Amino acid sequence: MSETITRAQLAEAIYQEVGLSRNESADLLELVLKELTQALLKGETVKISSFGSFSVRQKGQRVGRNPKTGDEVPILPRKVLVFRPSQLLKARIRQGFAERRQPGADSQAKPAAAS
Amino acid sequence: MTKSELIAQIANGNPHLYQRDVERIVTNIFEEISKALGKGDRVELRGFGAFSVKHRDSRVGRNPRTGASVAVAEKAVPYFKTGKQLRDQLNG
């Protein structure tokens, strides 16, 4: 079953790894997120090797539609954050997925689990 | 900004920490996120965004050069959805 990891588990992992207090581990996680956010708000690209990169893309104005009424509404120019995963992260996710689908190399007959 | 710049920045602001420890912390954060995604888990960081894994069905693709059909197997890909707070800040 797939779980949701939140700040609490990440802070716990830092606590286990580095031996700072739990409070300080949580503060550092927050600080990392804050630094990432500030760099992105300045329009910088953030590159984390073997993980991926975050960048800000400027989108132009376009015409959208209210799906309920069908009315045309202009979508104003805006900035969006884009995450591009590294090849390594993509490979890791693909591999993990393949292993969950076929645990053990020789149990190919096992039907695929419903997602 | 690169990962090493991020580490240096945090180390500078926290002189009581060894740069080495800051490096372990930063590496650990991204490693934990990668590990969770590898297991198919979701990572939600309120205000910043959420990382998740999306399933892509198998499909018939084409070699763009020759036009020949190629089977593309089903796979899972990482996905990031920007958090509401960050999205608003970007357009604030």
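All values derive from a computational prediction rather than experimental measurement. (Residues numbered from 1 in each chain as written. Chains lettered and ligands numbered in written order. Predicted model: local features only at pLDDT ≥ 70, side-chain atom pairs only at ≥ 80, totals over all residues. Heavy atoms only, no water.)

Asker: Is there a simple way to explain the overall build of chain A in this structure?
Answerer: The helix and strand tally for chain A stands at 3 helices and 6 strands. Ordered by position from N to C terminus, the α and β elements of chain A give β-α-α-β-β-β-β-β-α. Every one of the 115 residues in chain A was classed for burial, and the buried ones make up 32%. Summed over all atoms, the accessible surface of chain A reaches about 7600 Å², with 50% contributed by carbon and sulfur. (Helix = DSSP H or I, 4+ residues; strand = E, 2+ residues; numbered from the N terminus. Buried < 20%, exposed > 50% of the residue type's maximum accessible area, 1.4 Å probe, protein only. Areas by Shrake-Rupley, 256 points an atom, 1.4 Å probe, with all protein chains shown as cover.)

Asker: Explanation requested: the pattern of salt bridges in the structure shown.
Answerer: Between side chains of opposite charge, a pair can form when the charged atoms approach closely. For the structure on display, the rule yields 12 salt bridges over all chains. As a salt-bridge pair, B:Glu31 and A:Arg92 come within 2.9 Å of each other at their nearest N and O atoms. Of this pair, B:Glu31 sits in helix H2 (residues 19-38) while A:Arg92 sits in helix H3 (residues 87-101), which puts the two residues in different chains. Note on B:Glu31: relative accessible area 34%, which makes it partly exposed. When its relative accessible area of 30% is taken as the criterion, A:Arg92 is described as partly exposed. The salt bridge partner of B:Arg24 is B:Asp21, with a shortest N-O separation of 3.5 Å. In this pair, B:Arg24 and B:Asp21 are both assigned in helix H2, 3 residues apart and thus about one turn of the helix distant. The class of B:Arg24 is partly exposed, set by a relative accessible area of 34%. Exposure remark for B:Asp21: the relative accessible area of 12% places this residue in the buried category. (Salt bridge = Lys/Arg side-chain N within 4 Å of Asp/Glu carboxyl O.)

Asker: Looking at this model, I keep getting lost on the sheet that holds strand S2 (residues 46-48) of chain A. Mind explaining?
Answerer: Each strand in a sheet pairs with another by means of backbone hydrogen bonds, the pair being arranged parallel or else antiparallel. Residues and elements named next belong to chain A. The 3 strands are arranged S2-S3-S6 in an open sheet whose pairing can be described as antiparallel. Edge positions in the sheet fall to S2 and strand S6 (78-85), since each of these pairs with one other strand and no more. On average, each strand axis in the sheet is inclined to that of its neighbour by 25°, with strand direction left out of account. In terms of strand pairing, S2 meets strand S3 (residues 52-59) through 3 bridges, oriented antiparallel. (Pairing = 2+ DSSP bridges. Axes fitted to C-alpha atoms, helices over the stretch in contact; angles between N-to-C directions.)

Asker: What am I meant to see in the nonpolar core here?
Answerer: A general trend in soluble globular proteins is that nonpolar side chains are found buried together. Core analysis: the biggest nonpolar cluster contains 44 residues, and A:Leu36, A:Phe51, A:Phe54, B:Leu6, B:Ile33, B:Phe48 and B:Phe51 have the highest contact counts within it. Sequence-distant contacts of A:Leu36, defined by excluding residues within four places in its chain, comprise A:Val46, A:Ile48, B:Leu6, B:Phe30 and B:Phe48. (Core = buried A, V, L, I, M, F, W, Y, C linked by side-chain atoms within 4.5 Å. Contact = heavy atoms within 4.5 Å.)

Asker: Help me out: how do you make sense of the sheet that holds strand S1 (residues 4-5) of chain A in this one?
Answerer: Reading across the sheet, the 4 strands line up as S1(A)-S1(B)-S2(B)-S5(B) and stay open at both edges, with mixed pairing between neighbours. For this open sheet the edge positions go to S1 of chain A together with strand S5 (75-82) of chain B, each flanked by a neighbour on one side alone. As judged from the 2 bridges shared by S1(A) and strand S1 (residues 42-45) of chain B, these two strands associate in the parallel manner. When the sheet's bridge partners are listed, A:Ile5 is paired in S1(B) with B:Val43. Sheet strands touched by H3(A): strand S2 (49-56) and S5 of chain B. Its angle to S5(B), the strand with the most contacts, is close to 125°.

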